[in-house]
Protein chains: 2
Amino acid sequence: MLQLDAQAIQDIAVGAAVLGTGGGGDPTLGRLMAQQAVAQHGPIALLSLDELADEEWVIPTAMMGAPTVLVEKIPSGNEVIEAFQMIERHLQCQAAATASIEAGGVNSMIPLVVAAALHIPVLDADGMGRAFPELQMVTPTLHGVAATPMVVADEKGNQVLLQTPDNQWTERLARTATIAMGCSACIALYAMQGRVAKRALIPGTLSLAAKIGYTLRTSKQTNPLQALTSLLAGRQLCQGKITDVQRRTEGGFARGELQIAGAGLDAGQTFRLSFQNENLVFWRGDRPEVTVPDLLSVVDEQTGLPITTEALRYGLRIAVLAFPCHAQWRTPEGLALVGPRYFGYDIDYVPLHS
Amino acid sequence: MLQLDAQAIQDIAVGAAVLGTGGGGDPTLGRLMAQQAVAQHGPIALLSLDELADEEWVIPTAMMGAPTVLVEKIPSGNEVIEAFQMIERHLQCQAAATASIEAGGVNSMIPLVVAAALHIPVLDADGMGRAFPELQMVTPTLHGVAATPMVVADEKGNQVLLQTPDNQWTERLARTATIAMGCSACIALYAMQGRVAKRALIPGTLSLAAKIGYTLRTSKQTNPLQALTSLLAGRQLCQGKITDVQRRTEGGFARGELQIAGAGLDAGQTFRLSFQNENLVFWRGDRPEVTVPDLLSVVDEQTGLPITTEALRYGLRIAVLAFPCHAQWRTPEGLALVGPRYFGYDIDYVPLHS
């Protein structure tokens, strides 16, 4: 098993924020949490999906809520361990590993905090290969895996254990609990055994994130944006300056829209990006060009470093990059769960070509 | 142990609705649910607090939500049993009895449904001696008993188990779950052992409700209102006609106000009654005369039968009766929890004199 050191953690935090497409939390915050946990408890082992035995349990952990709140209401770390252990007690199992449910600057790091504190490995996999705003939007849902038993826990000592008839109800009840707890909370959910995890999860997400972070760190002097689009088989959609950000915290989400005035080769054009925690639709003028489930990442024009939704602000010079999503999301079932129509856009999904 | 037959159940439903002071649910609905359970599973034993052994567990059960919704969204009966058993599993105990957490036409009957189905007795006690709108408003809170572990369950198969640092947080999280489930749900909470129950619960509430129901049933030809005020050491505040009902379902509660034009000895006077599920303040003109925690019951002018908040409507000829609350509510701690100021009224509590 690979051991994750402080450098690997930093690379994963940055890379996962690229895959997080605006959501999944701020990578600096996530990295600090994970590095503190490693400093306190020792290194973390990275377990590949193949290494997880069929009968062994994995319990993914994450944060839930509006990223705009998350950056100011930092978890203590204890509540996510409480959530993890409450699932263990409920299932009467001892989990062999934890895992990310989505890629993101915080949501790839939360499992590292749990893994370090409990001296268990973290699985090199996730449930999206990117980030999505609602918790039923994971490949395990496509494979019939229940989100429940799920625990929502906060820093005040509240714990809510959910059992629901389907993952949409889990989302609804967990969201209301998260809002009542102050719009951000820690969660443990989608507990599954190895034989299920091997087909239901997307393999290699953490090592891919590490590769992205490494690429950005080592290509600063050359062309980080090109290195990134090349690594992820994507393309650059535009470059320019943010001229407006409309953002509201609504229904427990950060919703809004970004306006971009093109620069360089894109001078004279205007672009828009709609988001609900994550970036959902990229508009060239009034024409939708790339939509969920393909990945839309806002990065710094110079460094290629990812900019999360809550950090978007007037005047930033950015590029918008697009990357193809995992093949599971391009099936009819995948598109029903996370396609543009689910989010209220009357747009057909057209797969990104690079 | 006393056995409750169909007649006793009917008397309890009616009597508990008088103590329910407008809340706690419609007695006809409650009675039908309990009588059906008895017809299906056999009679129910009534256990006095003294008969509960110190180490035996009691798990109270109830419905939560807006009574206006409850009358149209009738529980299946299974969800409350699920809730009860989920607490048993969580505490790894087998409860000796269930109990009412509040008096009310439905909330005195829900425990009978559980008791009949599981062949356990129901405790002759409750946590209020009346009904209150929020779940921390029980004598167990005054005795430091935690509401959690608590389960909120609905007819769709959703179950939410709560662990909270205090009973106010339980109320907040359970209320949001109840609203998300459609504004009415079944609950199990305030699990406690006999030694705690003996000091924390109010004894004899079901047998008192049975006595009230019996009194109303047998005094129809004489003077039911006088029989009622005499039995409960209360007094009649007014009689008259309902001239207006303002009612809204807000924050998961039925809130509003009742206008009454006096009749008979009260002709020429006007009265108001403010409620939040339960009746909170009785106004003679603009002067508050009786407030929570004393009991305010609206009854039919002729029969003395209780009228719950959701059944109030223009033209009904009613009387408003007041009864003294349990002594525990008249302490400083009791008034801080359920006095008029908690409900936002700038009024000092003045104990009712009969």
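Residues numbered from 1 in each chain as written. Chains lettered and ligands numbered in written order. Predicted model: local features only at pLDDT ≥ 70, side-chain atom pairs only at ≥ 80, totals over all residues.

## Re the overall build of chain A
Moving on, step 1. Counting its regular elements, chain A contains eleven helices and 18 strands.
Moving on, step 2. Scaling as 2.2 N^0.38, a compact globule of 354 residues should have a C-alpha radius of gyration of about 20 Å, and chain A matches this with 19 Å.
Moving on, step 3. The C-alpha extent of chain A, read off along each of the three principal axes, is 60 × 40 × 35 Å.
Moving on, step 4. Counting every position in chain A, which comprises 354 residues, the buried fraction comes to 58%.
Moving on, step 5. Nonlocal contacts in chain A, meaning residues at least 24 apart in sequence, comprise 75% of its contacts between residues at least 6 apart. (Helix = DSSP H or I, 4+ residues; strand = E, 2+ residues; numbered from the N terminus. Rg over C-alpha atoms; globule rule 2.2 N^0.38 Å. Buried ≥ 20, exposed ≤ 12 C-beta atoms within 10 Å, placed from the backbone. Contact = placed C-beta atoms within 7 Å.)

## Section: the sheet that holds strand β2 (residues 44–47) of chain B
All names here are of chain B.
Moving on, step 1. Read from one edge of the open sheet, three strands run β1-β2-β5, paired in mixed fashion. The open sheet has two edge strands with one neighbour each: β1 (2–4) and β5 (122–123).
Moving on, step 2. Summarising the sheet, β2 and β5 pair through two bridges and their orientation is parallel. Within the sheet, the bridge partner assigned to Leu46 lies in β5 and is Val122. (Pairing = 2+ DSSP bridges.)

## Considering the domain arrangement of chain A
Note on interface size: it is often stated as the accessible area lost on association of the parts.
Residue and element names in this part refer to chain A.
Moving on, step 1. In terms of domain boundaries, chain A breaks down into domain 1 (2–205) and domain 2 (221–338).
Moving on, step 2. On the domain 2 side, the residues contacting the 32 residues of domain 1 number 27 residues.
Moving on, step 3. Of all the secondary structure elements, the ones that give two or more residues to the side of domain 1 that touches domain 2 are α1 (6–19), α3 (67–70), α6 (139–142) and α7 (167–180).
Moving on, step 4. In terms of residue count, the dominant contributor to the side of domain 1 that touches domain 2 is α1 (four residues). (Domains from an automatic or database assignment.)

## Topic: the pairing of strand β18 (residues 317–323) of chain B
All names here are of chain B.
Moving on, step 1. The element β18 is largely enclosed, with a buried count of six among its seven residues.
Moving on, step 2. Relative to β18, strand β12 (residues 235–250) runs antiparallel, the two being bridged by six bridges. Residue Gln239 lies in a different strand from β18, and its bridge partner there is Ala319.
Moving on, step 3. Pairing between strand β17 (residues 295–300) and β18: six bridges, direction antiparallel. Bridged to Val299 within β18 is Ala319.

## As for the environment of B:Ala8
Moving on, step 1. Its place among the elements puts B:Ala8 in helix α1 (residues 6–19).
Moving on, step 2. Sequence separation between B:Ala8 and B:Leu206 is 198 residues, and the spatial gap between their C-alpha atoms is 9.9 Å.

## Some words on the packing of α1(A) against helix α9 (residues 205–218) of chain A
Two measures define how a pair of helices packs: the angle their axes make with one another and the distance between the axes.
Residues and elements named next belong to chain A.
Moving on, step 1. Interhelical geometry of α1 versus α9 gives an angle of 100° and a closest axis separation of 6 Å. As judged from the angle between their axes, α1 and α9 are roughly perpendicular. In this structure, α1 contributes Ala8, Gln10, Asp11, Ile12, Val14, Gly15, Ala16, Val18 and Leu19 to the contact, and α9 contributes Leu206, Leu208, Ala209, Ala210, Lys211, Ile212, Gly213, Tyr214, Leu216 and Arg217.
Moving on, step 2. Residues that form the contact of α1 with α9 fall into these classes: 13 nonpolar, three polar and three charged. (Axes fitted to C-alpha atoms, helices over the stretch in contact; angles between N-to-C directions. Parallel < 35°, antiparallel > 145°, perpendicular 65-115°, else oblique. Nonpolar A, V, L, I, M, F, W, Y, C, P; charged D, E, K, R; others polar.)

## Remarks on the sheet that holds strand β13 (residues 253–262) of chain A
Where strands meet in a sheet, backbone hydrogen bonds hold them as pairs that are either parallel or antiparallel.
Residues and elements named next belong to chain A.
Moving on, step 1. One open sheet accounts for seven strands, arranged β16-β15-β14-β13-β12-β18-β17; its pairing is antiparallel. Pairing within the sheet leaves two strands with one partner each, and these edge strands are β16 (287–291) and β17 (295–300). Put simply, the sheet's adjacent strands are angled 35° from each other on average, direction ignored.
Moving on, step 2. Across the face of the sheet, helix α10 (residues 224–231) comes into contact with β12 (235–250), β17 and β18 (317–323) while running at roughly 15° to β18.

## A short note on the nonpolar core
Moving on, step 1. Among the nonpolar cores identified, the biggest contains 243 residues, and A:Ile187 and B:Ile187 are the most heavily contacted of them.
Moving on, step 2. Apart from the residues lying within four places of it in its own chain, the contact partners of B:Ile187 are B:Thr61, B:Ala62, B:Met63, B:Met64, B:Ala83, B:Met150, B:Val151, B:Val152 and B:Ala174. (Core = buried A, V, L, I, M, F, W, Y, C linked by C-beta atoms within 7 Å.)

## Things to note about the packing of α9(A) against α10(A)
Residues and elements named next belong to chain A.
Moving on, step 1. Their axes nearest at 9 Å, the elements α9 and α10 cross at an angle of 155°. Considered as vectors, α9 and α10 are oriented roughly antiparallel to each other. Taken as a pair, α9 and α10 cross one another with a handedness that is right-handed. Counting all contacts with α9, which are made through Lys211, Ile212, Thr215 and Leu216, the residues of α10 involved are Pro224, Ala227, Leu228 and Leu231.
Moving on, step 2. Its residues placed into classes, the contact of α9 with α10 shows six nonpolar, one polar and one charged. (Left-handed = near helix turned anticlockwise from the far one by under 90°.)

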